[in-house]
Amino acid sequence: MVEFKNVVKKYSNGTLALSNVNFCINKGEFAFLVGPSGSGKSTILKLILKEEDTTEGEVFVNGYDLSMLKRKEIPSFRRSLGVVFQDFRLLPNKTVYENVEFAMQITEALPKEIRRQVPMSLALVGLSRKAKSYPNQLSGGEQQRVALARALVNNPSLIIADEPTGNLDPETSWEIMKLIQEVNMRGTTVIVATHEKSIVDKMKKRVIAIEKGEIKRDQEKGQYENEVKDSKICC
Amino acid sequence: MKLRTAKYVVKEGFVNTYRNVLMSLASMGVVTASLVILGFFWIITANINHNTKFLKDQPEMQVFCNPEMDGHQVGMLEWTIGRDKRIKEYKVVDKKQAFEEAKELLGDDKDVLEGLDESIMPVSFIIKLNNSSDYEEVVDKYNNYPGVDSVRYSQKAIDFINKILRGLQIGSSLLITILVIIAVFIISNTIKLTVFARRKEISIMKYIGATDWFIRLPFIVEGVIIGLIGAVASFIVLFIIYNIGGGWVENDFLMVKLVGMNDVGFQLILLTCVLGALVGASGSVLSIRKYLRV
């Protein structure tokens with residue numbers, strides 16, 4: 001599903017963000033990407049989204065070889081995955097319904113399909129009643145659920161979440177994580193970058209820990225902090 | 001692109017124009033002002049062209065035959081002139097007429113002609129050309145014609161008129177080009193502000209996989225709407241100016257005949273609308289370019 005092969009990323013200002021990163025996340029997996037700020041977590045996500053290009057090495061996502069991807073093909077690649085951000089990134093001028101609808105409109109989906117999928121995906125995150133509200137009328141947790149509904153509406157096989165609970169209180173965070181787990185149980189691969197120790201420890205999923213641009217630990221049913229059991233290098 | 005996408009794009013363009021109403025009005029104002037200036041010059045050019053058209057037909061030339069030429073030779077020359085396609089019309093001035101004219105011209109001094117008769121006067125042809133630019137060839141041809149004494153023509157006047165007309169054409173098209181370029185830049189700057197205010201939206205769209213054209217087209221529609229409304233406004237302003245100012249000009253300068261608004265109006269509205277739409281669209285394309293690189 002997602003594979004990094006000997007990836008090195010050096011930014012144009014000379015910062016070495018990643019040095020020789022290798023990992024592989026299989027279909028249907030749920031993986032946490034943890035590490036302190038500046039460790040290279042965001043760089044990995046940016047590479048997955050093809051926002052940045054690798055300096056060396058290869059990245060494969062959803063069967064696309066990202067180094068071979070042309071600029072023209074980026075939109076259709078991005079449609080094959082769903083993204084959730086820390087700051088929600090909803091369109092402020094559109095209602096909840098329109099925000100989710102927009103993700104389908106860009107794929108030129110049939111109106112019939114849109115009318116079926118959008119309410120379904122809003123129902124999944126429990127926001128059917130707020131369909132006509134604007135993002136600024138919602139709480140943070142609700143906004144994040146809209147973002148999740150938008151990420152899910154095209155039935156992507158991979159969901160990327162960048163600090164999805166970073167702006168939320170613990171209780172709401174937990175709700176969002178439960179929703180993401182539910183999505184994962186339906187067969188969608190999930191990658192979550194996070195700082196939240198409590199969530200990572202409680203959920204007992206695969207943990208990939210990054211530090212100073214290298215993978216320090218890759219562990220099934222891991223914890224946020226190092227506790228080397230069952231360490232494993234994949235692929 | 002599918003029809004419903006086109007529908008979405010157009011609708012989004014209208015909605016965005018309405019949502020950023022102040023910015024849209026500012027851009028429209030700029031378009032209107034630029035097009036009023038532009039249209040004003042265009043009207044002036046059209047009027048100058050209209051008023052100098054008669055000058056172009058005016059130049060005449062006179063071919064003088066040698067006084068010794070006999071009737072047959074004169075007849076031959078007349079036949080040649082009559083068949084020349086470059087010549088619109090000609091008039092024969094025979095010896096008698098020429099003598100009378102000379103007498104009239106001399107007035108009180110006509111005693112000079114005492115004892116002379118009309119045989120000393122040459123026969124001449126007054127020629128009008130179809131196209132003033134042919135005059136050089138025509139003059140050449142008849143100057144070398146056997147029996148022709150001289151061809152008189154007002155070369156300086158013809159040259160002068162041609163030079164002025166050419167200068168006016170070049171000058172006005174240069175000015176119009178410059179004005180269009182300025183308008184594109186001002187409008188793209190105004191639209192840039194709109195785009196800048198919505199750069200976050202644009203990047204969100206890119207993140208969820210919208211193509212460049214999907215993002216760009218509503219902005220282009222917005223630019224075209226702004227351009228078209230600005231064009232119509234500028235047409236109204238020009239119409240009013242022309243009706244008031246035109247009447248004033250015609251009253252004060254009797255020689256000047258203005259082109260009627262009915263003749264010029266359709267061209268003017270076409271010109272302003274096409275330019276307005278083009279300027280709006282290119283302004284949008286220019287200003288959004290930077291934000292699509294995510």
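With that out of the way, let us pick up the overall build of chain A. Along its length, chain A carries seven helices and ten strands. When burial is assessed residue by residue, chain A has 41% of its 235 residues classed as buried.

Attention now moves to the nonpolar core. Counting residues in hydrophobic clusters, the biggest one holds 102 residues, and the most contacted among them are Leu33, Ile48, Ala149, Ile160 and Ile208 of chain A together with Val31 of chain B. The biggest single contributor to this core is helix 8 (residues 212-252) of chain B, with 13 residues. Setting aside residues up to four positions removed in sequence, isoleucine 208 of chain A forms contacts with Phe23, Ala31, Phe32, Leu33, Ile215 and Asp218 of chain A. Ranked by size, the runner-up nonpolar core spans 15 residues in total, among them Met61, Cys65, Val123 and Ile127 of chain B.

With that out of the way, let us pick up the interface of chain A and chain B. The partner chain B presents 14 residues to the 15 residues of chain A that form the contact. Put simply, the parts of the chain that give the side of chain A that touches chain B at least two residues each are helix 2 (74-78) and helix 3 (96-105) of chain A. Ranked by residues supplied to the side of chain A that touches chain B, first place goes to helix 2 of chain A with three residues. Looking at the side of chain A that touches chain B residue by residue, the class counts come to six nonpolar, three polar and six charged.

Further remarks concern the sheet that holds strand 2 (residues 87-93) of chain B. All names here are of chain B. Read across the open sheet, the four strands follow the order 2-3-1-4; overall the sheet is antiparallel. One side of each edge strand has no neighbouring strand; the edge strands of this open sheet are strand 2 and strand 4 (148-153). When strand polarity is set aside, the average angle formed by the axes of neighbouring strands in this sheet is 20°. Of the pairings in the sheet, the one linking strand 1 (residues 60-65) to strand 4 comprises five bridges and is antiparallel in character. Considered in strand 4, the bridge of valine 63 is made with valine 151. Packed on one face of the sheet, helix 5 (residues 135-143) meets strand 1, strand 3 (124-129) and strand 4 and runs near 160° to strand 4.

Quick look at the confidence of the model for chain B now. For chain B, per-residue confidence averages 81 on the pLDDT scale, and residues scoring 70 or more make up 94% of the total. Across the predicted assembly, pTM comes out at 0.68 and ipTM at 0.81.

Below, the discussion takes up the pairing of strand 8 (residues 189-194) of chain A. All names here are of chain A. Counting buried positions along strand 8 gives six out of six residues, so the element sits mostly inside the fold. Going residue by residue along strand 8, you find Thr189, Ile191 and Ala193 tucked away on one face and Val190, Val192 and Thr194 tucked away on the opposite face as well. Sheet analysis places strand 3 (residues 30-34) next to strand 8, joined by five bridges and oriented parallel. Directly across from leucine 33, in strand 8, lies its bridge partner alanine 193. The sheet contact formed by strand 7 (residues 158-162) and strand 8 spans five bridges and is parallel. Looking at strand 8, one finds that leucine 158 is bridged to threonine 189.

As for its placement among the helices and strands, lysine 290 of chain B is situated in the segment after helix 9 (261-288). Put simply, lysine 290 of chain B and lysine 192 of chain B are 98 residues apart on the chain and 9.8 Å apart in space, counted from C-alpha to C-alpha.

All names here are of chain A. The six strands are arranged 6-7-8-3-9-10 in an open sheet whose pairing can be described as mixed. Two strands in the sheet have a free side with no partner beyond their single neighbour: strand 6 (81-84) and strand 10 (214-219). Averaged over all adjacent pairs, the angle separating strand axes in this sheet is 15°, with direction ignored. Of the strands in this sheet, strand 3, strand 7, strand 8 and strand 9 (206-211) are in contact with helix 1 (residues 41-48), which crosses strand 7 at around 145°.

Let's shift gears to the pairing of strand 1 (residues 2-10) of chain A. Residue and element names in this part refer to chain A. Pairing geometry for strand 1 and strand 4 (residues 56-61), over five bridges, is antiparallel. Opposite phenylalanine 4, over in strand 4, you have valine 59 as the bridge partner. Alignment of strand 1 against strand 2 (residues 16-25), held across six bridges, turns out to be antiparallel. Looking at strand 2, one finds that glutamate 3 is bridged to cysteine 24.

So, about the packing of helix 1 (residues 3-19) of chain B against helix 8 of chain B. All names here are of chain B. Axis separation between helix 1 and helix 8 bottoms out at 8 Å; the angle between their running directions is 60°. Accordingly, the angle class assigned to the pair helix 1 and helix 8 is oblique. The way helix 1 lies across helix 8 gives a crossing that is right-handed. On helix 8, the residues that touch Val9, Val10, Glu12, Gly13, Phe14, Asn16 and Thr17 of helix 1 are Leu217, Pro218, Val221, Glu222, Ile225 and Ile226. Per-class residue counts for the contact of helix 1 with helix 8 are eight nonpolar, three polar and two charged.

Looking now at the packing of helix 8 of chain B against helix 9 of chain B. Residue and element names in this part refer to chain B. Two numbers describe how helix 8 lies on helix 9: the axes approach to 7 Å, and their chain directions differ by 150°. With respect to each other, helix 8 and helix 9 are oriented roughly antiparallel. In the crossing of helix 8 with helix 9, the sense of the turn from one axis to the other is right-handed. Class assignment of the residues belonging to the contact of helix 8 with helix 9 gives a composition of 20 nonpolar, ten polar and two charged.

This part covers helix 3 of chain A. Counting buried positions along helix 3 of chain A gives seven out of ten residues, so the element sits mostly inside the fold. Of the positions making up helix 3 of chain A, those classed as buried are Val96, Asn99, Val100, Glu101, Phe102, Ala103 and Met104 of chain A.

Right, let's get into the environment of glutamine 73 of chain B. Residue and element names in this part refer to chain B. Tracing the chain through its elements places glutamine 73 in helix 3 (residues 71-83). Of the residues examined, glutamine 73 has 17 C-beta atoms within 10 Å and is grouped as partly exposed. Glutamine 73 sits 73 residues away from proline 146 along the chain, and the two C-alpha atoms are 9.0 Å apart.

Take unusual backbone geometry next. Residue and element names in this part refer to chain A. Backbone geometry places asparagine 155, a non-glycine residue, at a positive phi of 50°. You can see asparagine 155 is positioned in the loop between helix 5 (140-152) and strand 7. We note that lysine 204 has phi near 50°; this positive angle belongs to a residue other than glycine. The residue lysine 204 is located in the loop between helix 7 (197-203) and strand 9 in this model. Since 12 C-beta atoms lie within 10 Å of it, lysine 204 is described here as exposed.

This next bit is on the environment of histidine 50 of chain B. All names here are of chain B. On the secondary structure map, histidine 50 appears in helix 2 (residues 21-57). Take histidine 50: there are 16 C-beta atoms within 10 Å of it, and that puts it in the partly exposed class. It is 7.7 Å that separates the C-alpha atoms of histidine 50 and leucine 258, two residues lying 208 residues apart in sequence.

Cut-off values and rules
- Residues numbered from 1 in each chain as written.
- Chains lettered and ligands numbered in written order.
- Predicted model: local features only at pLDDT ≥ 70, side-chain atom pairs only at ≥ 80, totals over all residues.
- Helix = DSSP H or I, 4+ residues; strand = E, 2+ residues; numbered from the N terminus.
- Buried ≥ 20, exposed ≤ 12 C-beta atoms within 10 Å, placed from the backbone.
- Core = buried A, V, L, I, M, F, W, Y, C linked by C-beta atoms within 7 Å.
- Contact = placed C-beta atoms within 7 Å.
- Nonpolar A, V, L, I, M, F, W, Y, C, P; charged D, E, K, R; others polar.
- Pairing = 2+ DSSP bridges.
- Axes fitted to C-alpha atoms, helices over the stretch in contact; angles between N-to-C directions.
- pLDDT = per-residue confidence, 0-100.
- Parallel < 35°, antiparallel > 145°, perpendicular 65-115°, else oblique.
- Left-handed = near helix turned anticlockwise from the far one by under 90°.

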